[in-house]
Amino acid sequence: MSKPVPRPGILDIAAYVPGKEHAPGVARVYKLSSNETPLGASPKAIEAFRAAADNLGRYPDGQAIELREAIAAVHGLNPANILCGNGSDELLGLLCHVYLGAGDEGIITEHGFLVYKIQILGAGATPVVVREKDYTVDVDAILAAVTERTKIVFVANPGNPTGTYVPVIEIRRLQAGLPKHVVLVLDAAYAEYVRRNDYEAGIEVVSSNSNVVMTRTFSKAYGLAALRVGWMYAPSEIVDAVNRVRAPFNLNAPAIAAGAAAIRDQAFVQQAVAFNQTWIETLTQALEAIGLKVTPSVANFVLIHFPEVDGKRASDADEFLTSRGYILRAVRGYGFPNALRMSVGPEEANRGVIAALGEFMGRQA
């Protein structure tokens, strides 16, 4: 060979493509493509971040003790069962690295987070995609896909980009039906936003089983997307295994400090959640009133479906909105070629999108 060659399969992976950020030629741009909170970070988190600048010459705490203890205090958990990462994405990758290899299979659902497939392939294993029902994870379909090669199952709950969720009774049924050596990963990135009595992020299921992991993020409701802070709650054996391959200082000091301050400021989080709840309902009603279909969402975004009519498809709407400074997320890669995902943004952006789509559809909201 005349040059370094990646191992087989690596160049077959389609790299993750984030939502676009720019609208050339537009004076004011509203980025509604990445599910970021319009309220930003807690002032207490910002203050902690700035204070950390006084010690940039020192390595961060490799165990992220301050952050783990803050998470544990808020959620009533044992800090020993918490592991923090450079966003939950890092933890998803580490779980694949630890529990998958050549010949193994990882189960994902057809509209699940694209990072699952990337990490499964990156570990040299085979992703097995199962169908969803009404844009919602189908427990029976997952159980039917399990083979002797299955080693891990990823479930986004709530789902992204659908915004749908699986009740905890179904999650328990899924866990009970899996072989005990299969790791069930519950990705609860949007758990803070859910207001349903039959939903549970995963803490109870993890606490009562040896093969379940829950991952969470500070990038959404906590407004720390720029710092990349994630965490997982898992049985001691899984935490120990992942810790063995985790980078020594995978979380930087400002991120640790800001994350700890952010999770302690639950009053600020509740403001963000209340704002989101109001606008999820308003957006859904307004967009349906102008003739668009919206998948019911419990998260901080809505999946908007467009007519199969020339000039009115999602690609047309995307171009129309971008020209006016509203950037939504095309979700063709998630199996929705004729839909756009819209994050809840500031009030002026939300109202602007409603008005613009009303104009696009030829109807007033």
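Structure's up top.
Residues numbered from 1 in each chain as written. Predicted model: local features only at pLDDT ≥ 70, side-chain atom pairs only at ≥ 80, totals over all residues. Heavy atoms only, no water.

### So, helix α4 (residues 114-122)
- Looking only at α4, the buried set comprises Val115, Tyr116 and Ile120. Along the axis of α4, the buried positions cluster into a sector of 135°, meaning they face one direction only.
- Of the residues flanking the end of α4, it is Gly124, one or two places downstream, whose phi is positive at about 85°. (Buried < 20%, exposed > 50% of the residue type's maximum accessible area, 1.4 Å probe, protein only. Helix = DSSP H or I, 4+ residues; strand = E, 2+ residues; numbered from the N terminus. Arc of directions from axis to C-beta.)

### Examining the sheet that holds strand β8 (residues 229-233)
- Read across the open sheet, the seven strands follow the order β2-β8-β7-β6-β5-β3-β4; overall the sheet is mixed. With partners counted over all chains shown, the strands left at the sheet margins are β2 (82-86) and β4 (126-130), one partner each. Looking at each pair of strands side by side, their axes are set apart by 25° on average, direction ignored.
- Relative to strand β6 (residues 183-187), strand β5 (residues 150-156) is paired through five bridges, and the arrangement is parallel. Of the residues in β6, the one forming a bridge with Ala156 is Asp187.
- Here helix α2 (residues 65-75) sits on the sheet and contacts β2, β7 (212-217) and β8; the angle it forms with β2, its principal contact strand, is near 125°.
- Where helix α3 (residues 87-99) meets the sheet, it contacts β2, β5, β6, β7 and β8, and its direction lies at approximately 110° from that of β2. (Pairing = 2+ DSSP bridges. Axes fitted to C-alpha atoms, helices over the stretch in contact; angles between N-to-C directions. Contact = heavy atoms within 4.5 Å.)

### Re α2
- Inspection of α2 places Leu67, Arg68, Ala70, Ile71 and Ala72 among the buried residues, and these make up the whole buried set.
- Summarising the contacts, the buried residues of α2 are in contact with β2, β8 and α9 (253-264).
- Following α2 by one or two positions, Gly76 has its phi on the positive side, about 70°.

### Some details on the packing of aromatic side chains
- Tallied over the entire structure, the rule returns ten aromatic pairs.
- Ring centres of Tyr190 and Phe301 lie 5.1 Å apart, and the angle between their planes is 75°; this geometry places the pair in the edge-to-face category. Here Tyr190 is found in the loop between β6 and α7 (203-207), whereas its partner Phe301 is found in strand β10 (residues 301-305), with 111 residues between them in sequence. Taken individually, Tyr190 and Phe301 each receive the classification buried, so the pair is uniform in this respect.
- With 6.2 Å between their ring centres and 80° between their planes, Phe306 and Phe360 make a pair best called edge-to-face. Of this pair, Phe306 sits in the loop between β10 and α11 (314-322) while Phe360 is found in helix α12 (residues 347-361), placing the two residues 54 residues apart along the sequence.
- Note on Phe360: relative accessible area 7%, which makes it buried. (Phe/Tyr/Trp six-rings, centres within 6.5 Å; stacked < 30°, edge-to-face > 60°.)

### Section: the pattern of salt bridges
- Here the structure, examined in full by the defined rule, presents 16 salt bridges.
- Where Glu105 meets Arg149, a salt bridge forms, and the shortest distance between an N and an O atom there is 3.1 Å. With Glu105 in strand β3 (residues 105-109) and Arg149 in the loop between α5 (139-145) and β5, this residue pair connects regions lying 44 residues apart in the sequence.
- Since its relative accessible area comes to 37%, Arg149 is described here as partly exposed.
- Glu110 serves as the salt-bridge partner of Arg131, at 3.2 Å between the closest nitrogen and oxygen. Separated by 21 residues along the polypeptide, Arg131 in the loop between β4 and α5 and Glu110 in the loop between β3 and α4 bring together distant segments of the chain. (Salt bridge = Lys/Arg side-chain N within 4 Å of Asp/Glu carboxyl O.)

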